[in-house]
Amino acid sequence: MWSVRGPCVVLIFHLVVGAAGQELAGGGEENIVRGDNIVPDDSDYDYSHFLPLNDFHVNDFQDDVCDNEICWSSICSGAEDLDNTMQCGCCPNKRPVKLEDIDLTVSCSPSGAVVRYNLTDVLGFGLENLTVVISYQMEGEQDSLDSQEVEDLDDTEFSWPGLCSGVSYQFCVEVTHAHMSNLDEGNMCQACTAHGPPASNPSSLLVSGGLTYLSASWPAVSPQCDDLTYQVLLNGVTQDQPTDKTSHMISFLDPGLYNVSVRAENNEGHSTQPLPTTLYTIREITPPVDVQVTHAVVNGSLTTQLRWNKSIELEEESITRRGYLLNLYTSEEEDVPRLTENFTWDEMETSFIFDSSLSWNTKFSLQTFFGNHKSNETE
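Draft legend 1. Main features of the side chain of Asp 227. Among the secondary structure elements, Asp 227 is positioned in the loop between strand S9 (214-217) and strand S10 (229-234). For the buried Asp 227, which has no salt bridge, the nearest side chain bearing the opposite charge is Arg 263, at an N-O separation of 14 Å. For Asp 227, the side chain forms a polar contact with the main-chain nitrogen of Asn 267, separated by 3.3 Å.

Draft legend 2. Expanded view of the sheet that holds strand S6 (residues 168-176). The strand order across the open sheet built from 4 strands is S4-S3-S6-S7, with neighbouring strands paired in antiparallel fashion. Of all the strands in the sheet, just strand S4 (146-149) and strand S7 (187-193) have a single pairing partner and so form its edges. For this sheet the average axis-to-axis angle between neighbouring strands, irrespective of direction, equals 15 degrees. As defined by bridge partners, strand S3 (residues 131-138) adjoins S6 across 8 bridges and the pair is classed as antiparallel. The partner of Ser 135 across the bridge, within S6, is Cys 172.

Draft legend 3. Region of the structure containing the pattern of salt bridges. Enumeration according to the criterion identifies 4 salt bridges in this entry. In this structure, the salt-bridge partner of Asp 67 is Lys 98, at a minimum N-O distance of 2.4 Å. With Asp 67 in the loop between helix H1 (2-25) and helix H2 (74-77) and Lys 98 in the loop between H2 and helix H3 (99-102), the pair connects residues that are 31 residues apart, well separated along the chain. Of the residues examined, Asp 67 reaches a relative accessible area of 43% and is grouped as partly exposed. Between Arg 307 and Glu 349 there is a salt bridge, with its nearest N and O atoms 3.8 Å apart. Taken as a pair, Arg 307 in strand S17 (residues 301-309) and Glu 349 in strand S20 (residues 349-354) lie far apart in primary sequence, 42 residues in all.

Quick notes on the rules
Residues numbered from 1 in each chain as written. Predicted model: local features only at pLDDT ≥ 70, side-chain atom pairs only at ≥ 80, totals over all residues. Heavy atoms only, no water. Helix = DSSP H or I, 4+ residues; strand = E, 2+ residues; numbered from the N terminus. Buried < 20%, exposed > 50% of the residue type's maximum accessible area, 1.4 Å probe, protein only. Lys, Arg positive; Asp, Glu negative; His and termini not counted. Salt bridge = Lys/Arg side-chain N within 4 Å of Asp/Glu carboxyl O. Polar contact = N/O pair within 3.5 Å; in protein donor to acceptor, adjacent residues only side chain to side chain. Pairing = 2+ DSSP bridges. Axes fitted to C-alpha atoms, helices over the stretch in contact; angles between N-to-C directions.

In structure tokens form, the structure reads like this:
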């Protein structure tokens, strides 16, 4: 008999408890009765370690995932099916990459920027198709000034040369992979503003000129910033105002040897790097030299033959008119020549006949001319 009743009693007890639970639940009471017939307080049980169950995972890009440390703990990392695990139901498939994971730092100056990062932790996340691209741009602009994909993920820094002083730049490290979610920060950036004078001066300097001027030209320095100017110096002394062009002419110079240089400047000063320098001579215009005079009687008339050599060399590329002047004086009292003949730069000889219009005591002198400039006369 005992062996039969015992189970019956137990069965009736369970039915009574179940009915009581239903009755109290439907009787309008706010508290919920647990299966042991005890009404818990609001704080009787802590459900915080249970994460909301997500039944709608999107594997390509998860936009309905939660950010909780339990997702990266051994509890969830060992779960075979996250969708069916209450604690891990809303965790992304892989740990997302955030700024603090890559230790991003940037230092910059007009000479360039150094971007430092560390992918060691990210490489331990087990991400597939991991791609890292480094780029930089002016702050507020959409287009990148340059970008480079990181080929060796063990690298820890990348450098860009040349920045404009006073300009704010954004330096970014973009990390993408096959398990992206809305928790991945993707393009992680840090701002940096360079300050200081230009990092370099022009690499070379070309100088040409004439009798009273010289013209200097040079290649532009990089980067070509809005406040970049150039200052030409003669013998270490600045000449005229700075220019934003890559050439400059200086006029009204006296004859002499000049040390010509140029430097780059901006609102914060001038570059302290070595200057390109060229020596240039402004020559004094001088009369012809090696003058030779020979006389001969030709057909009963006295003929004089003159020959001379140039005393200076002038720039071949100059188109300024140049040559020689032959001045003939028929009297010692004359201050102005009776006759002046012009000769081209390559003509260095001539002859004239003494006749009724040109007496035997006629004297001559030679001059070199260049544009409107004339040398002294020969004796």
